[in-house]
Every structure is written in structure tokens, then in C-alpha cells.
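Listed below, chain by chain, are the residues.
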Amino acid sequence: MNEAKKTNEAGEAGEAGEAGGAGGTRGAADPHGERLGQLQRRLADFAAARGWEPYHTPKNLAVALSVEAAELVEIFQWLTPEQSAAVMEKPETAHRVADEVADVLAYLLQFCEVLGVDVLDALAAKIERNELRFPVTGPPTPNRHSSE
């Protein structure tokens, strides 16, 4: 990993992890949306202060998001299902997981900011479509996933 990428990740992950309080774009009735909007604004301000906007194109952000998701996957690559379920019990792996989750979320929020996608509205709409697509037809089937 080059030094510029380390600075970029550290700044973005640090910004995402340190926020608190009110503000944002979603209104007082939705404190999580408020916080998400505040974090999204902090990420945009962080990038703007460093002149990174020309590099934050949809393509570049999608690629960066993919890379960070792959880094999260790498942590779990050779673990058994039992080991993967216990990954947060060890401080060193818990920290790595949290950092990669922050990086993935930071790039996703920046991607949404650049394209004007409201991430919470998009998620709510997707859940609604999935509820229609996969109606409950009986008791849960724990050994089967919707991708099967």
C-alpha cells in the first residue's frame, strides 16, 4: 500500500469514526440519518480540504469501494465459520474489521454523495422490493438463502 493511500484511508476512516452530535441532512426525526448525513458531509469536507474532488469520480470511488470490501473479505478468507463468528473477540482482528468496515462505509458514502444517492432511501426501497420479491410463505428455512 502506498503512502498516499494510507493517508487517504486513515483520514477517511478517522473522520468516519470520530463524529458525533447533531447536524446533517435528514432532520431531527431520524437521529441515525442525521449522523449519517453529518459523516457524509465530513467526508466531503475532508476530501475538499485536500483537493481530492477531481479523483472522487463515480468510477474511482466504486473501484476504491471494491478494494476496501476485498480487504474486509481478506480478514475472513481462510477462517472456518466458527472462527469467523468469533472474529470480534480478539482485539487485533476486531480492530482490523472495524477499520475495513469504516473504509467501506466511507467510500460508499462518498460514492453516494457524488452521484446524489440518498443511501438510506435507497436501502429502504431495496428492502421493500425484496419483501415483495421474497414473501414469507411459511416457517423460516435456516439452511437456505435467497441466493439459492
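Residues numbered from 1 in each chain as written. Predicted model: local features only at pLDDT ≥ 70, side-chain atom pairs only at ≥ 80, totals over all residues. Heavy atoms only, no water.

**Student:** Where do I start with helix α3 (residues 58–76) in this structure?
**Tutor:** One turn of an α-helix holds 3.6 residues; hence residues three or four places apart share an orientation. With 19 residues, α3 should reach 27 Å at 1.5 Å per residue; the first-to-last C-alpha distance of 28 Å fits that figure. Among all positions of α3, only Leu61, Ala64, Leu65, Glu68, Glu71 and Ile75 are buried. The buried residues of α3 all sit within an arc of 120° when viewed along its axis, so they share a single face. Residues Lys59 and Val73 are exposed on α3 and point more than 90 degrees away from its buried face. (Helix = DSSP H or I, 4+ residues; strand = E, 2+ residues; numbered from the N terminus. Expected span 1.5 Å × (residues − 1). Buried < 20%, exposed > 50% of the residue type's maximum accessible area, 1.4 Å probe, protein only. Arc of directions from axis to C-beta.)

**Student:** Looking at this model, I keep getting lost on the layout of surface pockets. Mind explaining?
**Tutor:** Regions of empty space are outlined by a rolling probe, equal in size to a water molecule, passed over the atoms. Approximately 350 Å³ is the volume attributed to the largest pocket. In terms of lining residues, the largest pocket is bounded by 11 residues, among which Phe134, Pro135, Val136, Thr137 and Thr141 are the most central. (1 Å grid on protein atoms, 1.4 Å probe; cavity = no way out; pocket = protein on both sides within 12 Å on 5 of 7 lines; lining within 4 Å. Points joined across faces, edges and corners; volume = space filled by probe spheres on them.)

**Student:** Help me understand the confidence of the model for the protein in this model?
**Tutor:** One rule of thumb: low pLDDT means the predicted coordinates there are not for detailed reading. Residues with a pLDDT of 70 or more make up 78% of the protein, whose mean pLDDT is 83. Least confident of the elements in the protein is helix α1 (residues 3–18), whose mean pLDDT is 37; most confident is α3, at 98. Within the model, pLDDT remains below 50 along residues 1–27, and this stretch shows 49 contacts once partners closer than five positions in the same chain are excluded. (pLDDT = per-residue confidence, 0-100. Contact = heavy atoms within 4.5 Å.)

**Student:** Before we go on, may I ask you to explain the nonpolar core in this structure?
**Tutor:** Side chains of nonpolar character tend, in soluble globular proteins, to be buried together. Within the largest apolar cluster, 6 residues are counted, these being Leu36, Leu43, Ala106, Leu109, Cys112 and Val119. Listed by contribution, the elements that provide at least two residues to this core are α2 (31–49) and α5 (91–115). Of all the elements, α5 adds the most residues to this core, at 3 residues. (Core = buried A, V, L, I, M, F, W, Y, C linked by side-chain atoms within 4.5 Å.)

**Student:** Honestly, the pattern of salt bridges in this entry has me stumped. Any pointers?
**Tutor:** Pairs may arise between side chains of opposite charge once their charged atoms sit close together. Scanning the model with the defined rule gives 2 salt bridges in all. A salt bridge links Asp45 to Arg41, with the nearest nitrogen and oxygen atoms 3.2 Å apart. You can see Asp45 and its partner Arg41 sitting in helix α2, 4 residues apart, about one turn around the helix. Assessed through its relative accessible area of 40%, Asp45 is described here as partly exposed. Look at the salt bridges and you will find they share partners, linking Arg41, Asp45 and Glu113 into a network. (Salt bridge = Lys/Arg side-chain N within 4 Å of Asp/Glu carboxyl O.)

**Student:** Is there a simple way to explain the packing of aromatic side chains in this structure?
**Tutor:** The relative placement of two aromatic rings is captured by the distance of their centres and the angle of their planes. Across all of its chains, the model carries 1 aromatic pair by this definition. Where Phe46 meets Trp52, the ring centres are 5.6 Å apart and the plane angle is 70°; that geometry is what we call edge-to-face. A relative accessible area of 8% means that Phe46 is categorised as buried. On the accessibility criterion, Trp52 (17% relative accessible area) is buried. The residue whose ring lies beneath Arg50 is Phe46, and the NZ or CZ to ring-centre distance is 3.5 Å. (Phe/Tyr/Trp six-rings, centres within 6.5 Å; stacked < 30°, edge-to-face > 60°. Lys NZ or Arg CZ within 6 Å of the ring centre and 35° of its normal.)

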